[in-house]
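Examining the three-dimensional arrangement
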Amino acid sequence: MQSAPPVDTVIQAVQTLYHNPDVAEKERASTWLGEFQQSIYAWQISDELLQRKQDVESCYIAAQTMRTKIQYSFHELPVESHESLRNSIINHIEVLSDPNFQVIMTQLCLALADLALQMPQWRNSAAFLIQKFSSNPLHIPILLEILIVLPEEVHSRSLRLGQNRREEFRLELGESAPAVLTLMTACSETYQNDHRILGRVFKCLASWFYLQALPSRDVASSKILTVNFQILMNHNSPSMLHEAASDNVVAALYSMEDIEEHPELAHSLYQGVMQLHEAYHMAVAEEDIDKCVNYSRIFTELAEAFLEVMVETPGRDLGDLRILGAVLDCVGHCQYEVAEITFNFWYRMSEILYKRDNRILNDVFRPYIHRLITALSGHCQLDPDHVS
């Protein structure tokens, strides 16, 4: 593209792409827009399209272009323009906070996260954004979206970043983690009846857990963990909120690579999960497969996290073998999709026991293996309708 196209030309191409019934015209518009997005002029024109806020389609193309330019063509911009780009994206996010522009908002939040990763002079970006958006209740959904994608983008393969910068950014996020936890706890109290916001809060925490950025001791004593398990124990919890709460517990358990380094969090999660047996059986009675799947994931992740302890000190403290009973309950579920979630755990456990080759240990775990085989044999049987 030799020169900058008029903004109206770009809008016309977008309209053709989305609304023209002629397939050939759509393909030509798509090709032209692809060339436009690769050009140096896409930076400024995308900014102008977002300022116009003419329609959802043109704003989406502009936001998508902004993000891909930051991902793949960031080198085109001089360093002195980085701060103005940041401020421009933040301004667009504030202006486009209307729920009708949610898909555009997501693209802009991803663009901002990718910019933060590639802009080392922007120190403590998470703290900056919390301060920027947390004072206005209308901006809380925006802030949650940003805080969800910031940790997720650290390992993005689309960004041309070395491991040193990624690790530096991860440590920066760790510095802001206490503020994030405080904010999420406050949101869980303020928006306890807003299931959409509460679900985003749990998704945000899960994102930070997977990056292993949250201080485990602070999480263990936080009120938000109590709220999380209250939702999981309530059989009336909406499915989407139940899934988000489950994802957060699974992420928290996954983040503990060595539970000896996180004893407080390990005990809090153990106590919380072990209260879910009744809720699981209620879900079975109500034939709520989605919630049964969630509980199976939680029980299995707990067993995975505590497997070494169960083998080292079976039946004592965090080596409590009732954990295996909870996982076996899931294996015994009539739906295979609930049972199969546990299979990798049983493989891991059998490998460890085989390598230990300890008769006393084998005797301890033998009853659980017998129950496992009995439950699995039930899944191997054909339904009467299928027997010829």
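To be clear, the structure that these remarks concern was listed above.
Below: a short report on this structure. Worth saying up front: this structure is predicted, and the values here are computed from it rather than measured. (Residues numbered from 1 in each chain as written. Predicted model: local features only at pLDDT ≥ 70, side-chain atom pairs only at ≥ 80, totals over all residues. Heavy atoms only, no water.)

**What to know about the nonpolar core**
Burial of nonpolar side chains together is a common tendency in soluble globular proteins. In this structure, Ile-93, Leu-147, Leu-150, Met-184, Trp-208 and Phe-306 are the most contacted members of the largest nonpolar core, which totals 136 residues. Top contributing element to this core by residue count: helix H16 (residues 289-312), with 12 residues. (Core = buried A, V, L, I, M, F, W, Y, C linked by side-chain atoms within 4.5 Å. Buried < 20%, exposed > 50% of the residue type's maximum accessible area, 1.4 Å probe, protein only. Helix = DSSP H or I, 4+ residues; strand = E, 2+ residues; numbered from the N terminus.)

**Topic: unusual backbone geometry**
Positive phi, normally seen in glycine, also occurs at Gln-212, with a value near 55 degrees. One non-glycine residue, Asp-357, lies in positive phi territory at about 50 degrees. Mapped onto the elements of the fold, Asp-357 is located in the loop between helix H19 (343-356) and helix H20 (359-380). A relative accessible area of 63% means that Asp-357 is categorised as exposed.

**Focus: helix H10 (residues 195-210)**
Residues lying three or four places apart along an α-helix face the same way, a consequence of the helix completing one turn every 3.6 residues. In this model, H10 (16 residues) spans 23 Å end to end at C-alpha, consistent with the 22 Å of a helix rising 1.5 Å per residue. Among all positions of H10, only Ile-197, Leu-198, Gly-199, Val-201, Phe-202, Cys-204, Leu-205, Ala-206, Ser-207, Trp-208 and Phe-209 are buried. Of the residues one or two after H10, Gln-212 is the one with positive phi, at around 55 degrees. (Expected span 1.5 Å × (residues − 1).)

**Section: the pattern of salt bridges**
When their charged atoms lie close together, side chains carrying opposite charge are able to pair. One pass over the structure, following the stated rule, counts 21 salt bridges. Between Arg-67 and Asp-114 there is a salt bridge whose closest N-O contact spans 3.2 Å. Taken together, the residues span a long stretch of sequence, with Arg-67 in helix H4 (residues 56-72) and Asp-114 in helix H6 (residues 102-118) at a distance of 47 residues. Close ionic contact of Arg-297 with Asp-247 constitutes a salt bridge, the shortest N to O distance being 2.5 Å. Highlighted residues: Arg-297 in helix H16 and Asp-247 in helix H13 (residues 239-255), separated in sequence by 50 residues. Given the relative accessible area of 26%, Asp-247 is considered partly exposed. What you see here is one network of salt bridges that share partners, running through Arg-123, Arg-165, Glu-168 and Glu-172. (Salt bridge = Lys/Arg side-chain N within 4 Å of Asp/Glu carboxyl O.)

**Description of a negative patch on the surface**
A cluster of like negative charges, contributed by Glu-243, Asp-290, Glu-337 and Glu-340, occupies part of the molecular surface. Overall, the relative accessible area of 41% leaves Glu-337 in the partly exposed class. (Patch = residues over 30% accessible without salt bridge, like charges linked within 9 Å, V, L, I, M, F, W, Y side chains within 5 Å. Areas by Shrake-Rupley, 256 points an atom, 1.4 Å probe, with all protein chains shown as cover. Lys, Arg positive; Asp, Glu negative; His and termini not counted. Charge placed at Lys NZ, Arg CZ, Asp CG, Glu CD.)

**Concerning the state of the cysteines**
In the structure shown here, the tally under the stated rule is zero disulfides. Cysteine Cys-330 remains unbridged, with the sulfur of Cys-292 as its closest cysteine sulfur at 7.7 Å. (Disulfide = S-S within 2.5 Å.)

**A closer look at the packing of helix H1 (residues 7-19) against helix H2 (residues 23-38)**
Close contact between H1 and H2 brings their axes to 8 Å; oriented N to C, the two are set at 135 degrees. Judged by the angle between their axes, H1 and H2 are oblique. H2 is crossed by H1, and the crossing has left-handed handedness. In contact with Thr-9, Val-10, Ala-13, Val-14, Thr-16, Leu-17, Tyr-18 and His-19 of H1, H2 contributes Glu-25, Lys-26, Ala-29, Ser-30, Trp-32, Leu-33 and Phe-36. A breakdown of the residues in the contact of H1 with H2 according to their chemical character gives nine nonpolar, four polar and two charged. (Axes fitted to C-alpha atoms, helices over the stretch in contact; angles between N-to-C directions. Parallel < 35°, antiparallel > 145°, perpendicular 65-115°, else oblique. Left-handed = near helix turned anticlockwise from the far one by under 90°. Contact = heavy atoms within 4.5 Å. Nonpolar A, V, L, I, M, F, W, Y, C, P; charged D, E, K, R; others polar.)

**Description of the packing of aromatic side chains**
Going through the model one piece at a time under the given rule, you end up with nine aromatic pairs. Their ring planes at 5 degrees and their centres at 6.1 Å tell us that Trp-32 and Phe-36 sit as a pair that is stacked. Residue Trp-32 and its partner Phe-36 are both found in helix H2; the two are separated by four residues, about one turn of the helix. Taking the relative accessible area as the measure of exposure, Trp-32 reaches 24% and is therefore partly exposed. A network of ring pairs unites the aromatic residues Tyr-280, Tyr-295 and Phe-299 as a single cluster. (Phe/Tyr/Trp six-rings, centres within 6.5 Å; stacked < 30°, edge-to-face > 60°.)

**What to know about the side chain of Ser-207**
By the element assignment, Ser-207 lies in helix H10. On the accessibility criterion, Ser-207 (6% relative accessible area) is buried. Setting aside residues up to four positions removed in sequence, Ser-207 forms contacts with Leu-147, Ile-148, Pro-151 and Glu-152.

**Describing the packing of helix H3 (residues 42-52) against H4**
Here H3 crosses H4 at 145 degrees, and the two axes come no closer than 8 Å. For H3 against H4, the interelement crossing comes out left-handed. In contact with Ala-42, Trp-43, Ser-46, Asp-47, Leu-49 and Leu-50 of H3, H4 contributes Ser-58, Cys-59, Ala-62, Ala-63, Thr-65, Met-66, Lys-69 and Ile-70. Here the contact of H3 with H4 is composed, by residue class, of nine nonpolar, three polar and two charged.

**Overview of the side chain of Asp-55**
Along the chain, Asp-55 turns up in the loop between H3 and H4. Of the side chains with opposite charge, Arg-52 lies nearest to the buried Asp-55, which makes no salt bridge, at 9.2 Å. Looking at Asp-55, its side chain comes within polar contact range of the side chain of Gln-15, at 3.0 Å. Within polar-contact distance, the side chain of Asp-55 engages the backbone nitrogen of Ser-58 at 2.7 Å. Setting aside chain neighbours within four positions, we find Asp-55 in contact with Gln-15 and Phe-101. (Polar contact = N/O pair within 3.5 Å; in protein donor to acceptor, adjacent residues only side chain to side chain.)

**So, the environment of Arg-348**
Considering the arrangement of structural elements, one finds Arg-348 in helix H19. Aside from chain neighbours lying at most four places away, what touches Arg-348 is Glu-304 and Leu-307.

**Section: the environment of Phe-169**
Following the sequence through the fold, Phe-169 ends up in helix H9 (residues 163-190). Its relative accessible area of 0% is what places Phe-169 among the buried residues. Those residues in contact with Phe-169, other than ones at most four positions away along the chain, are Ala-116, Leu-117, Ser-125, Leu-150 and Val-154.

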